[in-house]
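# Fold and contact review
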Amino acid sequence: MVVLAYYCLIIIAGIGFGVFGYINNKNDSSTNKDKTEKVEKSKSSTKKKKTSSSSTSDGITLDQFNNIALDSDNGTSWDTIKPIFGTPTSHSTSNVQGVDVDVQTWDKVVNAESGSSVSVGFANNHAISKTISGLKVKRDSKIDIQKYAQIESDQSTADIEKLLGQPNSYDDSSVNGTSINKLTYTSGIKGDSGAKIVITFTNDKVTEQTQSGVK
């Protein structure tokens, strides 16, 4: 009996050790699996961040252009614009409404034709003029001579954009309380090749309009 009890204890101990080892192995396997999943998730997160960073648009957007405030005293400063727009591709001087300005130009514009650019003129380190050209515009219908004939003096820029749509170029300046804006249309026009419409505003009222080749 003693011998039989002794063998029974050995068998029970062996079974217990085997079960314990199986549980430990299972836990170790689960732990290793969790570690592997965490490493994979970490790699996946790193890849996503890199993809997001590389997908940033390279160029100046119309929204960024619109956010430039024009005023000889309170206009957006060169120190504010340069970190956002980067190093300009060219520099020149010009005269805007009787004021000499330093003009900085960039040739990378988002959603624009080849040869497009953004220029900002500074006086006393403040922006007083800005131009963006060559914007791509998709129109629901072509601009014809009948639409052009609907332009009237004293209409606002909002009125004209409602009538003709978004222009392909903006040219704005503000000096001593006088703002002058030009909207230029070069695409989606019914007429000759190279047809163009230019509308000038003074203090947001139409003061001049010209067209060439529109039918």
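Shown above is the structure to which this text applies.
The sections below set out a description of the structure shown in this document.

Criteria and cut-off values
Throughout this description, residue numbers start from 1 for each chain and increase along the sequence as written. Local features are withheld for residues below a pLDDT of 70 in this predicted model, meaning they are given only at 70 or higher, and side-chain atom pairs are given and counted only at 80 or more; totals for whole chains, interfaces and linings count all residues. With hydrogens and water set aside, each side-chain value is computed from the structure's full complement of heavy atoms. When DSSP finds at least two bridges between two strands, those strands are taken to pair. Secondary structure elements follow DSSP: runs of H or I of four or more residues count as helices, runs of E of two or more count as strands, with numbering from the N terminus. Angles here are taken between N-to-C directions and fall from 0 to 180 degrees, while the axes themselves are lines fitted to C-alpha atoms, restricted in helices to the stretch in contact. Residues count as neighbours in contact if any of their non-hydrogen atoms are within 4.5 Å of one another. Polar contacts, as counted here, are pairs of nitrogen or oxygen atoms within 3.5 Å of one another; within protein the pair requires one atom able to donate a hydrogen and one able to accept it, and residues that are adjacent in sequence qualify only if both atoms are side-chain atoms.

## Section: the sheet that holds strand β2 (residues 99–106)
With respect to topology, eight strands assemble into an open sheet ordered β1-β2-β3-β4-β5-β6-β7-β8, the strand pairing being antiparallel. Edge positions in the sheet fall to β1 (90–96) and β8 (205–214), since each of these pairs with one other strand and no more. If you compare each strand with its neighbour and ignore which way they point, the axes differ by 15° on average. Its contacts with the sheet place helix α3 (residues 78–85) against β2 and β3 (112–123), and it is angled at close to 160° to β3. Packing of helix α5 (residues 157–164) onto the sheet brings it into contact with β5 (169–175), β6 (178–185), β7 (191–202) and β8, and relative to β6 it is tilted by some 5°.

## Observations regarding the environment of T157
Looking at where T157 falls in the secondary structure, it is placed in helix α5. When sequence neighbours within four positions are dropped, the list of residues in contact with T157 reads F201 and D204. A polar contact is formed between the side chain of T157 and the side chain of D204, at a distance of 2.9 Å.

## A closer look at the pairing of β8
One ladder, built from eight bridges, connects β7 with β8; its direction is antiparallel. Counted as the bridge partner of V198 is T210 from β8. Where β7 folds back onto β8 in an antiparallel hairpin, the turn is made up of two residues, including N203, whose phi is positive at roughly 50°.

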